[in-house]
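Inside the fold
Each chain, written out:
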Amino acid sequence: MNRLNKIVLGIGVAVLSLTSLSGNAQVGKHNSLVAEDLKVILVKDIEHIADSTHHTHAHDPHKSSYKILHVNFLLVNTDSSITTPTYKAVMMRVLDPHGVDIYDPASGGGLFLLNSKETPYTYKVSTKYDGKPLQIDFLYNHSKHFRHGLHIIELYVDGLKIGEEHFLIK
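Right, let's walk through the structure included here. (Residues numbered from 1 in each chain as written. Predicted model: local features only at pLDDT ≥ 70, side-chain atom pairs only at ≥ 80, totals over all residues. Heavy atoms only, no water.)

Tracing the chain through its elements places Ser143 in the loop between β10 (134-141) and β11 (149-157). Residue Ser143 is classed as partly exposed on the basis of its relative accessible area of 41%. Residues Ser143 and Ser107, spaced 36 residues apart in sequence, show a C-alpha to C-alpha distance of 7.3 Å. Excluding its chain neighbours within four sequence positions, the residues that come into contact with Ser143 are Lys67, Asp104 and Ser107. (Helix = DSSP H or I, 4+ residues; strand = E, 2+ residues; numbered from the N terminus. Buried < 20%, exposed > 50% of the residue type's maximum accessible area, 1.4 Å probe, protein only. Contact = heavy atoms within 4.5 Å.)

Summarising the sheet, strand β7 (residues 110-114) and strand β8 (residues 117-121) pair through 5 bridges and their orientation is antiparallel. When the sheet's bridge partners are listed, Leu111 is paired in β8 with Pro120. Connecting β7 to the antiparallel partner β8 that follows it, the hairpin turn spans 2 residues, and Asn115 within it adopts a positive phi of roughly 55°. (Pairing = 2+ DSSP bridges.)

Counting across every chain of the model gives 6 salt bridges. Two residues, Glu154 and Lys161, come together in a salt bridge whose shortest N-O distance is 3.7 Å. For Glu154, a relative accessible area of 6% gives the class buried. For Lys161, a relative accessible area of 2% translates into the label buried. For Glu164, the salt bridge goes to Lys161, with nearest N and O atoms at 2.6 Å. Here Glu164 matches Lys161 in class, with each residue buried. (Salt bridge = Lys/Arg side-chain N within 4 Å of Asp/Glu carboxyl O.)

The next subject is the nonpolar core. Counting 27 residues, the largest nonpolar core has Leu69, Phe73, Met92, Phe138, Ile153, Leu155 and Ile162 as its most contacted members. Mapped onto this core, the elements with two or more residues apiece are β3 (33-44), β4 (66-77), β5 (86-95), β9 (123-129), β10, β11 and β12 (160-169). Among residues more than four places away in sequence, those in contact with Ile162 are His30, Leu33, Val34, Ala35, Phe73, Leu75, Val90, Leu155, Tyr156 and Val157. One finds Phe112, Leu114, Tyr121 and Tyr156 within the second-largest nonpolar core, a separate group that totals 5 residues. (Core = buried A, V, L, I, M, F, W, Y, C linked by side-chain atoms within 4.5 Å.)

Another aspect to go through is the pairing of β11. Taking burial as the measure, the 9 residues of β11 include 7 buried ones, the bulk of the element. Bridge count between β5 and β11: 6 bridges; the pairing is antiparallel. The residue bridging Val90 from the neighbouring strand is Val157, located in β11. Taken together, the 9 bridges between β11 and β12 define a ladder with antiparallel strand orientation. By the bridge assignment for β12, Leu155 is matched with Gly163.

Coordinates in, geometry out; function isn't part of it.
If you want it as structure tokens, here you go:
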């Protein structure tokens with residue numbers, strides 16, 4: 001299981017640094033790429049920005065004030081199989097505490113094949129990759145607020161899992 005190494009809370013920001021997990025048995029694990037030093041940063045909603053889409057709603061006790069998710073990790077080639085530059089699409093899939101995919105096409109979400117089944121992803125980054133360690137950043141602005149509870153972040157390349165992390169919102 002995951003081990004929580006550090007929690008730092010500041011005004012409007014929570015930083016969680018977690019140890020990577022091994023791949024899930026049902027999902028194929030990538031044989032040459034892995035996500036290392038995965039860090040998750042949660043940012044509260046910025047309330048003082050004038051935005052025509054920002055509406056005030058009654059407080060929902062199940063929703064947190066966190067709305068922005070920043071995921072940072074190092075994409076590492078473990079067996080030197082990639083030597084020529086190629087484009088790689090890295091998908092981040094976020095599951096809420098009820099196991100439901102956080103997925104919004106307007107916010108960068110889409111579908112990819114996972115075990116021959118179309119599966120939603122939360123956000124995707126496409127980048128040129130030459131086999132050397134590469135810093136990857138996801139900055140996802142949730143159209144709603146994240147709910148309280150344990151969330152799961154799964155990372156995929158070529159339909160295979162390269163890493164997984166969890167974060168908890170109390």
